[in-house]
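A structural walkthrough
Single-letter residue listing:
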Amino acid sequence: QVQLVESGGGLVQAGGSLRLSCAASGSTLWFRAMAWYRQAPGKQRELVATISNGGSTNYGDSVKGRFTISRDNAKNTVYLQMNSLKPEDTAVYYCNAQALTTRAYWGQGTQVTVSS
């Protein structure tokens, strides 16, 4: 039984920063990896960043150098620090957790809007 709850979204000016949080009802140690995805209206969901249980990270090309994913296992929380935000970053951001099996869990999303 796992639930993921995102928070931290909102409206920000271009060039600004936001930090998203994803709180898991279960331990983040139960997962092979956790990730952030995003989806803009009319667009397919795209991978933003991943972090493995060993701490390795990967980023989508569009956010590399601007976003940082991190995880606090003691708090069962994964974060996405977003800097130098652009209007094209506007989307609903979803937390994803990959279980040790093939099962994946999703949060309900948090809206990020970047104004010009």
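A few words now on the pairing of strand S1 (residues 4-7). Here S1 shows a buried face lined by Leu 4 and Glu 6 and an unburied face lined by Val 5 and Ser 7. Across four bridges, the pairing between S1 and strand S3 (residues 18-24) is antiparallel. Residue pairing across strands places Ser 7 opposite Ser 21, the latter belonging to S3.

Within the structure shown, the criterion is met by three salt bridges. Two residues, Arg 38 and Asp 89, come together in a salt bridge whose shortest N-O distance is 2.9 Å. Residue Arg 38 is located in strand S4 (residues 31-39), and its partner Asp 89 is located in the loop between strand S8 (77-82) and strand S9 (91-99); the two are separated by 51 residues in the primary sequence. There is no split in this pair, since Arg 38 and Asp 89 are both buried. With a closest N to O distance of 2.8 Å, Arg 66 and Asp 89 form a salt bridge. With Arg 66 in the loop between strand S6 (57-59) and strand S7 (67-72) and Asp 89 in the loop between S8 and S9, this pair connects stretches of sequence that are 23 residues apart. For Asp 89, a relative accessible area of 1% corresponds to the buried category. Several salt bridges share partner residues, and in doing so they unite Arg 38, Glu 46, Arg 66 and Asp 89 into one network.

Calculation notes
- Residues numbered from 1 in each chain as written.
- Predicted model: local features only at pLDDT ≥ 70, side-chain atom pairs only at ≥ 80, totals over all residues.
- Heavy atoms only, no water.
- Buried < 20%, exposed > 50% of the residue type's maximum accessible area, 1.4 Å probe, protein only.
- Helix = DSSP H or I, 4+ residues; strand = E, 2+ residues; numbered from the N terminus.
- Pairing = 2+ DSSP bridges.
- Salt bridge = Lys/Arg side-chain N within 4 Å of Asp/Glu carboxyl O.

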